[in-house]
Amino acid sequence: MRVVTTAQPLDVQPTPLALLLLGREADPKSERGVECPGDLPSPSDPNLVARARAAKEKLGDKVFILGHHYQRDEVIEFADVTGDSFKLAKDAAAKPEAEYIVFCGVHFMAESADILTSDDQKVVLPDLAAGCSMADMATAEQVAECWDVLTDAGIADVTVPVSYMNSSADIKAFTGKHGGTICTSSNAKKALDWAFEQGEKILFLPDQHLGRNTAVRDMGMSLDDCVLYNPHKPNGGLTVQQLRDAKMILWRGHCSVHGRFSVDSVNDVRARIPGVNVLVHPECKHEVVAAADYVGSTEYIIKALEAAPAGSKWAIGTELNLVRRLANRFAAQDKEVVFLDKTVCFCSTMNRIDLPHLVWTLESLAEGNLVNRIQVDKETESFAKLALERMLSLP
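Residues numbered from 1 in each chain as written. Predicted model: local features only at pLDDT ≥ 70, side-chain atom pairs only at ≥ 80, totals over all residues. Heavy atoms only, no water.

This paragraph deals with the sheet that holds strand β13 (residues 313-317). What holds strands together in a sheet is hydrogen bonding between their backbones, with the strands either parallel or antiparallel. Strand order in the open sheet formed by four strands is β12-β11-β13-β14, and the pairing between neighbours is parallel. At either end of the open sheet lies a strand with only one pairing partner, and these are β12 (294-295) and β14 (336-339). Of the strand pairs in this sheet, strand β11 (residues 277-280) and β13 are connected by four bridges, and their pairing is parallel. If you follow Leu279 over to β13, its bridge partner there is Ile316. Lying over the sheet, helix α14 (residues 320-331) contacts β13 and β14, oriented at roughly 160 degrees with respect to β14. (Pairing = 2+ DSSP bridges. Helix = DSSP H or I, 4+ residues; strand = E, 2+ residues; numbered from the N terminus. Contact = heavy atoms within 4.5 Å. Axes fitted to C-alpha atoms, helices over the stretch in contact; angles between N-to-C directions.)

Printed below as a string of structure tokens:
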């Protein structure tokens, strides 16, 4: 169970675009939920910048603002630290003097921060509608039913759950309770190596692509070693024999942004930009990862571009805000950085955290009003933290 405290109603009206998963212009070659809305949302009222600065200054050391890489620039400007979801949660835990942790990201990230910070700290999400479609693709009820299926097939006792950081606190708690661990896109192979030392099979939640890419690309398994469990079908759409034969039982979930990229995207950018290096996130589909030159997490992508020689050309397959920020940053170093797909595609749920929501949050806190607190119940927190601690102890 998640407890949310809202002291007063939000006086900022969300745009119709922000209420959509990823807008319009569906691509039949893309996965469900990866439609793209067109251009990025317009910048917020610049007069809000002064208000944000004033509220943050008034709060002083009482507030610590975390900005995920996929946030828009107007929000990143006020972040005390930036990074991926796990790095930011750890940064929050390392700042015990901050009474308020304002997480500019999405819901599961704020939950992780609440799990890792002290009871005295209050984690706040500027817009409660900032969710994650991937995390929502695996509910506690669905995963419990899946475990019953594995139990009936006689393989639950040799199956270890490994859940991606991009999952709800409930799923992290399930993982901890059943002897599993959490992973990030950076340490997924280490997590799978550890899990195979504990059991014979892995139930990988909730992103099928990270699980498949890690198993096949990084660990030398075959695609036949992987089966796809669909929670919307009886027994996951699998036979008992398929479950018993599999090494990797992949949950049918995916990222609504990274699922956009296709092999056609890779071929097209190679034709348009001779000599381009294609660098994609491991949440992309397996055929896209196989067609790319480099694969890695958001932190890996940033470091790869930092180390790239002047004059090099890069097509990046990850969220648009980060790609655009990197393109602007490295243009002065004569590094060409382009978005892998010709169609603009950003994470609209991440983009719900805009300057109006941030200003409202900071001003409310400065006035002594605690709003939009994200609080994980104690039982869920204890098992989720156990799973996270297993990850932290990985070699």
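Let's pick the thread back up.
Alternating residues of β11 divide into Asn277 and Leu279 and Val278 and Val280, and every residue in both groups is buried. Viewed along the sheet, the connection from β11 through helix α12 (residues 286-291) into β12 turns out right-handed. (Buried < 20%, exposed > 50% of the residue type's maximum accessible area, 1.4 Å probe, protein only. Right-handed = clockwise from strand over helix to strand, strands pointing away.)

One finds Val102, Phe204, Met248 and Val280 to be the most contacted residues of the largest nonpolar core, which totals 109 residues. Setting aside its immediate chain neighbours within four residues, Val280 contacts Val288, Val289, Ala292, Tyr294, Val295, Gly296, Gly317 and Leu340. Core analysis: the second largest hydrophobic core is formed by 20 residues, Ala138, Val149, Ala156 and Leu243 among them. (Core = buried A, V, L, I, M, F, W, Y, C linked by side-chain atoms within 4.5 Å.)

The step from Leu205 to Pro206 runs through a cis peptide bond, and the omega angle for that step is -20 degrees. In this structure, Asp334 takes a positive phi of about 60 degrees despite not being glycine. With respect to the element layout, Asp334 can be found in the loop between α14 and β14. Residue Asp334 is classed as exposed on the basis of its relative accessible area, which comes to 52%. Of note, Asn372 is a non-glycine position whose phi angle comes to about 50 degrees, a positive value. Of note, Asn372 is situated in the loop between α15 (355-366) and β15 (373-376).

Here the focus is the sheet that holds strand β10 (residues 248-251). In spatial order, the strands read β7-β6-β8-β10-β9; together these five strands make up an open sheet with parallel pairing. Taken across any chain shown, the strands that pair with only one partner, and hence form the sheet edges, are β7 (181-183) and β9 (226-229). The mean angle between the axes of side-by-side strands here comes to 25 degrees, regardless of whether they run parallel or antiparallel.

Before going further, it helps to spend a moment on the packing of helix α7 (residues 169-177) against helix α16 (residues 378-392). Between α7 and α16, the least distance of the axes is 7 Å, while the angle of their chain directions is 70 degrees. When the axis of α7 is compared with that of α16, the two are roughly perpendicular. Handedness of the crossing formed by α7 with α16: left-handed. Residues Ala169, Asp170, Lys172, Ala173, Thr175, Gly176 and Lys177 of α7 form the contact with α16, whose own contacting residues are Thr380, Phe383, Ala384, Leu386, Ala387 and Arg390. A breakdown of the residues in the contact of α7 with α16 according to their chemical character gives six nonpolar, three polar and four charged. (Parallel < 35°, antiparallel > 145°, perpendicular 65-115°, else oblique. Left-handed = near helix turned anticlockwise from the far one by under 90°. Nonpolar A, V, L, I, M, F, W, Y, C, P; charged D, E, K, R; others polar.)

Within the secondary structure layout, His286 lies in helix α12. Apart from residues lying up to four places away in sequence, His286 is in contact with His209, Arg212, Asn213, Val216 and Leu223.

Looking at the protein, pLDDT values average 88 and 88% of them are 70 or higher. Note that residues 1-38 has pLDDT below 50 and, in this model, 94 contacts with residues that lie over four places away or in other chains. (pLDDT = per-residue confidence, 0-100.)

Okay, the environment of Ala156 next. Mapped onto the secondary structure, Ala156 falls in the loop between α6 (140-152) and β6 (159-164). Each C-alpha atom of the pair Ala156 and Lys201 lies 8.8 Å from the other, and the pair is 45 residues apart in sequence. Beyond its immediate chain neighbours, meaning those up to four positions away, Ala156 contacts Trp147, Leu150 and Thr151.

Here the focus is the pairing of β10. Neither face of β10 is left uncovered, since the one carrying Met248 and Leu250 and the one carrying Ile249 and Trp251 both have all their residues buried. Direction of pairing for strand β8 (residues 201-205) relative to β10: parallel, over a ladder of three bridges. Paired with Ile202 across the strands is Met248, a residue of β10. Where β9 meets β10, four bridges bridge the pair, whose relative direction is parallel. Paired with Tyr229 across the two strands is Trp251, which belongs to β10. With respect to chirality, the unit in which β9 leads through helix α10 (residues 240-245) into the neighbouring parallel β10 is right-handed.

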